[in-house]
Amino acid sequence: MTTTVSQELLPTGQSLDAARVEGEHAYALDRAHVFHSWSAQEQITPMTILASEGSYVWDGAGNRMLDFSSQLVNTNIGHQHPKVVAAIQDQAAKLCTIAPQYVNDARSEAARLIAERTPGALNKVFFTNGGADANEHAVRMARLHTGRYKVLSRYRSYHGGTDTAINLTGDPRRWPNDYGNSGVVHFHGPFLYRSQFHSENEQQETERALEHLDQLIRLEGPDSIAAIVLESVPGTAGIMVPPPGYMAGVREICDRYGIVFIADEVMSGFGRTGKWFAIDHFGVVPDLITFAKGVNSGYVPLGGVAISEKIAATFANRPYPGGLTYSGHPLATAAAVATINAMEDEGIVENAARIGSEILGPGLRGLADRHPSIGEVRGLGVFWAIELVADRATKEPLAPYGASSPAMNEVIAACKAGGLLPFANFNRIHAVPPCTVTEAEAREGLAILDTVLDIADAHRQS
């Protein structure tokens, strides 16, 4: 049971005053010694987190906040799930670490559970430390399997911060790290609200996006392309659910040209969209699936690649030239086993689907009816984006692509002041609570957003 700040205790049982003192000390050390990602170091004031439980976190002042970000859209089973915490403790007492060339039961069982849930016959799993290196290794596998080098990925995408992964990425974080020699070619994916193809409906968007992709392949040279990498549902870039027929069309194009289809499920996998994998919504089986985040809710770093039989066979008698010291780390894979079993036993994937269809989807569409600053809401499960605009007619975003704005800064600050920890990117607020979120918690988040969006409305053009 969650304790409240009014009782002067955190969920850990620690007094609020003692936790504040520790938090202040941690903050001072952070600013002195910690180098933060994606940030100008002197321009940030990072939030201190004192405790977390379920769908909530407590900030450095002891304020309880509803985590509508799932941190980085990875705490799919919420914070401090007791079964996973216990599994990590038990594994630490049994076998803390072991080199990846040795068999350990946690890794073996995690691989089995993952393979059981992937579509088709993706029965081999290569474990990594996170999503970026999963995408690095998936591309390496595709290049070695095909003997080709080029890789295609879409604009408005994110695939990680390491060298190949950041070049695969189709958002502005790529720009300072992209020197054009990575072998990556970007294309436009379907996004009807901001269509690059002047489409009027989903069918046109699918047809024209596939025609664009096919033409790009023919112009680049089909025999030079190793893989197409697609987020099954793009996450940070905007949660643009592919229109009917698009993913099946990509699968057909890959088959036609002998290209490996890599589905990036790092953010969309393990229940986030109301299915084990987002690709399951489209009835398509890729050649490789990359995963991380929700596989164990980030309790211990873990990612991986699920591999089809055809690509696995390439390395049956040929060494795979890649590995990691912590591949299949026992603590991480024990956490994955406990997470997947908890999701199955507690109906967490089904809960995400129900909350999306019955609470978040209708609730967000209701907000759009009341707030003219909302241009569109879109999503699946507990994976939703609220597109904020200054003008509905022109679709001018409330913040420019690749940046923020005073208006968006006000909206984000108001969310936090109202007790909601948001996930925001450019002109969007993403509603991405844990897959375990309750109906009451989802409605609480919607109510806070309803109040906050009055601020966005005040910034719209008359």
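Values in this document were obtained by computation on a predicted structure and should not be read as measured data.

Criteria and thresholds
Residues numbered from 1 in each chain as written. Predicted model: local features only at pLDDT ≥ 70, side-chain atom pairs only at ≥ 80, totals over all residues. Heavy atoms only, no water. Helix = DSSP H or I, 4+ residues; strand = E, 2+ residues; numbered from the N terminus. Rg over C-alpha atoms; globule rule 2.2 N^0.38 Å. Buried < 20%, exposed > 50% of the residue type's maximum accessible area, 1.4 Å probe, protein only. Expected span 1.5 Å × (residues − 1). Pairing = 2+ DSSP bridges. Axes fitted to C-alpha atoms, helices over the stretch in contact; angles between N-to-C directions. Phe/Tyr/Trp six-rings, centres within 6.5 Å; stacked < 30°, edge-to-face > 60°. Lys NZ or Arg CZ within 6 Å of the ring centre and 35° of its normal. 1 Å grid on protein atoms, 1.4 Å probe; cavity = no way out; pocket = protein on both sides within 12 Å on 5 of 7 lines; lining within 4 Å. Points joined across faces, edges and corners; volume = space filled by probe spheres on them. Nonpolar A, V, L, I, M, F, W, Y, C, P; charged D, E, K, R; others polar. Contact = heavy atoms within 4.5 Å. Core = buried A, V, L, I, M, F, W, Y, C linked by side-chain atoms within 4.5 Å.

Q: Where do I start with the overall build of the chain in this structure?
A: When you go through the chain residue by residue, the secondary structure sums to 13 helices and 16 strands. The C-alpha atoms of the chain give 22 Å as radius of gyration, which agrees with the globular expectation for 462 residues (23 Å, within 12%). A principal-axis box enclosing the C-alpha atoms of the chain has dimensions of 65 × 65 × 45 Å. Looking at the chain as a whole, 56% of its 462 residues qualify as buried.

Q: Mind showing me how you'd approach helix H5 (residues 131-146) here?
A: Because each turn of an α-helix spans 3.6 residues, side chains separated by three or four positions in sequence point in the same direction. An ideal rise of 1.5 Å per residue puts 22 Å on 16 residues; H5 measures up with 23 Å between its terminal C-alpha atoms. Within H5, twelve of the 16 residues are buried, which leaves it mostly tucked inside the rest of the structure. Looking at H5, one finds that the buried residues are Gly 131, Ala 132, Asp 133, Ala 134, Asn 135, Glu 136, His 137, Ala 138, Val 139, Met 141, Ala 142 and Arg 143. In the stretch just after H5, Gly 147 is the one whose phi turns positive, near 75°.

Q: Before we go on, may I ask you to explain the sheet that holds strand S10 (residues 303-307) in this structure?
A: Each strand in a sheet pairs with another by means of backbone hydrogen bonds, the pair being arranged parallel or else antiparallel. In spatial order, the strands read S4-S10-S9-S8-S7-S5-S6; together these seven strands make up an open sheet with mixed pairing. The sheet is open, and its two borders are formed by strand S4 (124-128) and strand S6 (184-187), each paired with just one other strand. Sheet twist, expressed as the mean angle between neighbouring strand axes with direction ignored, is 20°. Here four bridges tie strand S5 (residues 150-154) to S6, and the two strands are oriented parallel to one another. Across the sheet, Arg 154 pairs through a bridge with Phe 187, a residue of S6.

Q: Where do I start with the packing of aromatic side chains in this structure?
A: A ring pair, where both rings are aromatic, is described by two values, the distance of the centres and the angle of the planes. Throughout the structure, instances matching the rule amount to eight aromatic pairs. Among the aromatic residues, those joined into a cluster by ring pairs are Phe 127, Phe 270, Trp 276, Phe 277 and Phe 291. Positioned over the ring face of Tyr 149 is Arg 143, at 3.8 Å from the centre of the ring. A cation over a ring is seen here: Lys 395 above Tyr 193, with NZ or CZ 4.5 Å from the ring centre.

Q: Which parts of the structure should I look at to understand unusual backbone geometry?
A: Comment: phi is negative for the bulk of residues other than glycine, and the bulk of peptide bonds are trans. In this structure, Trp 38 takes a positive phi of about 55° despite not being glycine. Backbone geometry at His 198 places phi at a positive 55°, although glycine is not the residue there. Looking at where His 198 falls in the secondary structure, it is placed in the loop between S6 and helix H7 (202-220).

Q: Would you explain the layout of surface pockets in this entry?
A: To find leftover empty space, a probe the size of one water molecule is rolled over the atoms. When its volume is computed, the largest pocket comes out at roughly 2,200 Å³. Taken together, 46 residues line the largest pocket, and the ones lying closest to its centre are Ser 37, Trp 38, Ser 39, Leu 72 and Ala 424. Of all elements in the fold, only helix H1 (16-33), helix H2 (70-73), H5, helix H12 (406-417) and strand S15 (423-425) reach the threshold of two or more residues within the lining of the largest pocket. It is H12 that contributes the most residues to the lining of the largest pocket, four residues altogether. Residue composition of the lining of the largest pocket, by class: 21 nonpolar, 18 polar and seven charged. Reported here for the second largest pocket is a volume of approximately 440 Å³. If you go around the second largest pocket, you meet 19 residues; those closest to its centre are Lys 124, Val 125, Phe 126, Phe 127 and Ile 307.

Q: Is there a simple way to think about the environment of Gly 23 in this case?
A: Of note, Gly 23 is situated in helix H1. Of the residues examined, Gly 23 reaches a relative accessible area of 8% and is grouped as buried. It is 9.8 Å that separates the C-alpha atoms of Gly 23 and Gly 62, two residues lying 39 residues apart in sequence. In contact with Gly 23, not counting residues within four places along its chain, are Thr 48 and Leu 50.

Q: I'm lost on the sheet that holds strand S3 (residues 64-67) in this one. Help?
A: With respect to topology, four strands assemble into an open sheet ordered S1-S2-S3-S14, the strand pairing being mixed. Two strands bound the open sheet, and with one partner strand each, they are strand S1 (49-53) and strand S14 (420-421). Direction of pairing for S1 relative to strand S2 (residues 56-59): antiparallel, over a ladder of four bridges. The partner of Glu 53 across the bridge, within S2, is Tyr 56.

Q: What exactly am I supposed to notice about the nonpolar core here?
A: For soluble globular proteins, the rule of thumb is that nonpolar side chains tend to be buried together. Grouped together as the largest cluster of nonpolar side chains are 106 residues, with contacts concentrated most on Ile 228 and Leu 388. Residue contributions to this core peak at nine residues, all from helix H11 (residues 348-370). Contact partners of Leu 388, with chain neighbours within four places excluded, come to Ser 373, Ile 374, Pro 397, Leu 398, Met 408, Val 411, Asn 427, Ile 429, Leu 453 and Ala 456. Residues Val 151, Leu 288, Ile 311 and Phe 315 belong to the second largest nonpolar core, which totals 20 residues.

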